[in-house]
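Secondary and tertiary structure notes
Here is how the chains run, residue by residue.
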Amino acid sequence: MVSEVARQIVPPDSRGWSGEELDETVKEIAGLWKQGQIIPYLGSGLFDGNPGFPVDKDSLGQALSGRVAVPGRLKGKVHEIAQYIESHKHRKTLLSLMEELFQNVPPPAPVHCLLREHPVGLVVDAWYSRVATRYLVDVGGVQISAVSRAEDRERWFRTDRKTPEDGWEPLEGPEKDDQVLYRPFGTMIPETRVLVSDADFVEVLTEIDIQTPLPPWVQTYRTGRHFLFMGCRFDDQTLRVFARQIMKRSSKRHFAVIDAPLTAKEQRFFDQEGIAVLPVSLNETFLPALSRSLAKPGSKA
């Protein structure tokens, strides 16, 4: 789980998108969305400005090491920093720090507003903030979240249905037509259970290639569908592995909205997985255009 330090950057103009191509791709995504064929995959970069919590692995590592002194050799290695805190200060200290760092729940980002207006069967949220759980899981909705083996050796994930008055009840698994929020790094609602330390990820990565840590409902739902990555970067091997395994046996065509230069490893990942990168602003350009396309008459999901 060591990030690439030396990053070869792919110039943005090498992606060569024209305005017409971008427009047609947004229309394609909207059409698939209306047909129930899109799976939004949310990362940490959904907000413009500072939402009041760490928005990437680097800022999370800095925040953790700012609260507990860690060896300088761990600088920039968030999972190793978390492991050091867990090993020297106890797991409860690590979870308490994560709760503190992600206690702020800002108003929903534009993508959350769009998803509330145009709900889908499955949303993947690959970050730690409480925002998606708070705004996307209504009463009757279902959340599936990863469970650290440090807390539970018997299972890889838990499934909960939201009940009135912000309650939650455990489930064996979602029903076929449930709306599901899947959190592969864990959740802080209804309680804090997250994958963050090096040991957490080693456990999952040992088994993820044979899909054991992935919920069967998610494996069934994803079949043949198209992923839409928003607020995501894949300049870290662990992030690429998780996305690749969650996408397994889905469609061969996917989409990512990234208005920034790509690393060479990101570009290779996108090419290998059939992910078309739309080099436009998520909040200023893509989501307004997608919202307009979804509002036009057309087939329903």
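Refer to the structure presented above.
First, a word on what this report is: a plain description of the structure on this page. (Residues numbered from 1 in each chain as written. Predicted model: local features only at pLDDT ≥ 70, side-chain atom pairs only at ≥ 80, totals over all residues. Heavy atoms only, no water.)

Quick word on unusual backbone geometry
For the record, the criterion: Each helix is a run of H or I in the DSSP string that is no shorter than four residues. Each strand is a run of E no shorter than two, and both are numbered from the N terminus. Think of it in three bands: with a 1.4 Å probe and only protein chains considered, a residue is buried below 20% of the maximum accessible area for its type, exposed above 50%, and partly exposed in between.
Cis peptide bonds are those with omega within 30 degrees of zero, and the linkage from I189 to P190 qualifies with 10°. Among the structural elements, P190 can be located in the loop between β8 (186-187) and β9 (193-194). In the Ramachandran plot, H90 falls in the positive-phi region, its phi being about 95° despite a non-glycine side chain. For H90, a relative accessible area of 49% translates into the label partly exposed. Even without being glycine, R249 reaches a positive phi, approximately 65°. You can see R249 is positioned in the loop between α9 (237-247) and β11 (254-257).

Regarding the environment of S59
Looking at the element boundaries, S59 is found in helix α2 (residues 57-67). The class for S59 is partly exposed, based on a relative accessible area of 22%. Residues S59 and R183, 124 residues apart in the sequence, show an inter-C-alpha distance of 20 Å.

Thoughts on the packing of α2 against helix α4 (residues 91-101)
In plain terms, the rule: Structural elements are reduced to axes, namely lines fitted to C-alpha atoms, with helices fitted over the stretch in contact, and the angle between N-to-C directions of any two is expressed from 0 to 180 degrees. Orientation is classified from the angle alone, with under 35 degrees giving roughly parallel, over 145 giving roughly antiparallel, 65 to 115 giving roughly perpendicular, and any other angle giving oblique. Take the far helix as your reference; a near helix turned counterclockwise from it by less than a right angle gives a left-handed crossing, and one turned clockwise gives a right-handed crossing. Whether two residues are in contact is decided by their heavy atoms: any pair within 4.5 Å suffices.
Viewed as axis vectors pointing N to C, α2 and α4 meet at an angle of 120°, and their least axial separation amounts to 11 Å. The angle between the axes of α2 and α4 places the two elements in the oblique class. As for how α2 packs across α4, the hand of that crossing is right-handed. Across from L60, A63, L64 and R67 in α2, the residues of α4 making contact are L94, L97, M98, E100 and L101.

With respect to helix α10 (residues 264-273)
Within the span of α10, buried status applies to A264, E266, Q267, F269, F270 and E273. With its phi angle positive at about 70°, G274 sits one or two positions after the end of α10.

A short note on the sheet that holds strand β10 (residues 226-230)
Using the following cut-off: Only when DSSP finds a minimum of two bridges between them are two strands counted as paired.
Within the open sheet, the 9 strands sit side by side as β6-β5-β4-β7-β3-β2-β10-β11-β13. Their pairing is mixed. Among the strands making up the open sheet, the edge pair consists of β6 (167-170) and β13 (275-278). Across the sheet, the mean angle separating the axes of adjacent strands is 25° when strand polarity is ignored. Examined bridge by bridge, strand β4 (residues 142-146) and strand β5 (residues 157-163) share 5 bridges and lie antiparallel to one another. Paired with I144 across the strands is T159, a residue of β5.

Digging into the pattern of salt bridges
Quick note on the threshold: When a carboxyl oxygen of Asp or Glu lies within 4 Å of a side-chain nitrogen of Lys or Arg, that pair is called a salt bridge.
What the rule picks out here adds up to 20 salt bridges. A salt bridge links R253 to E28, with the nearest nitrogen and oxygen atoms 2.8 Å apart. In this pair, R253 is assigned in the loop between α9 and β11 and E28 in helix α1 (residues 19-34), connecting sequence segments 225 residues apart. Judged by relative accessible area, R253 falls into the partly exposed class, the value being 31%. In this structure, R244 and E273 form a salt bridge, with 2.8 Å as the shortest nitrogen-oxygen distance. Placement of R244 in helix α9 and of E273 in helix α10 is noted, with a sequence separation of 29 residues between them. Owing to a relative accessible area of 27%, R244 belongs among the partly exposed residues under this scheme. Salt bridges linked by common partners bring E86, R91, E151 and D200 together as one network.

Some thoughts on the nonpolar core
Here is the rule: Definition used in this section: a nonpolar core is a set of buried Ala, Val, Leu, Ile, Met, Phe, Trp, Tyr and Cys residues joined via side-chain atoms within 4.5 Å.
Counting residues in hydrophobic clusters, the biggest one holds 92 residues, and the most contacted among them are L64, Y128 and F286. When residues no more than four places from it in sequence are discounted, the contact partners of L64 are V78, I81, A82, I85, L94, L97, M98 and L101.

Let's talk about the packing of aromatic side chains
Stated formally: Only centres within 6.5 Å qualify two rings of Phe, Tyr or Trp (six-membered ring in Trp) as a pair; their planes then separate them into stacked at under 30 degrees, edge-to-face at over 60, and tilted for everything else.
Inspection of every chain in the model, using the stated rule, returns 17 aromatic pairs. Arranged with centres 5.0 Å apart and planes meeting at 40°, the rings of F234 and F269 form a pair that is tilted. Pair noted here: F234 is in the loop between β10 and α9 and F269 is in helix α10, with a separation of 35 residues, a long-range link. Residue class for F269 comes out buried when judged on its relative accessible area of 1%. Ring pairing ties together the aromatic residues F47, F53, F102, W127, Y128, F185, F201 and F242, which thus form one cluster.

With respect to the pairing of β11
We count it as follows: A right-handed crossover is one whose linking path, passing over the helix from the first strand to the second, runs clockwise when the strands point away from the viewer.
Judged by which residues are buried, β11 turns out to be covered on both faces: H254 and A256 on one side and F255 and V257 on the other are all buried. Taken together, the 3 bridges between β10 and β11 define a ladder with parallel strand orientation. Each bridged residue has a counterpart across the sheet, and for M230 the counterpart in β11 is V257. One crossover worth recording links β10 to the parallel β11 by way of α9, and it is right-handed. The pairing of β11 with β13 spans 4 bridges and is classified as parallel. What sits directly across from F255, in β13, is A276.

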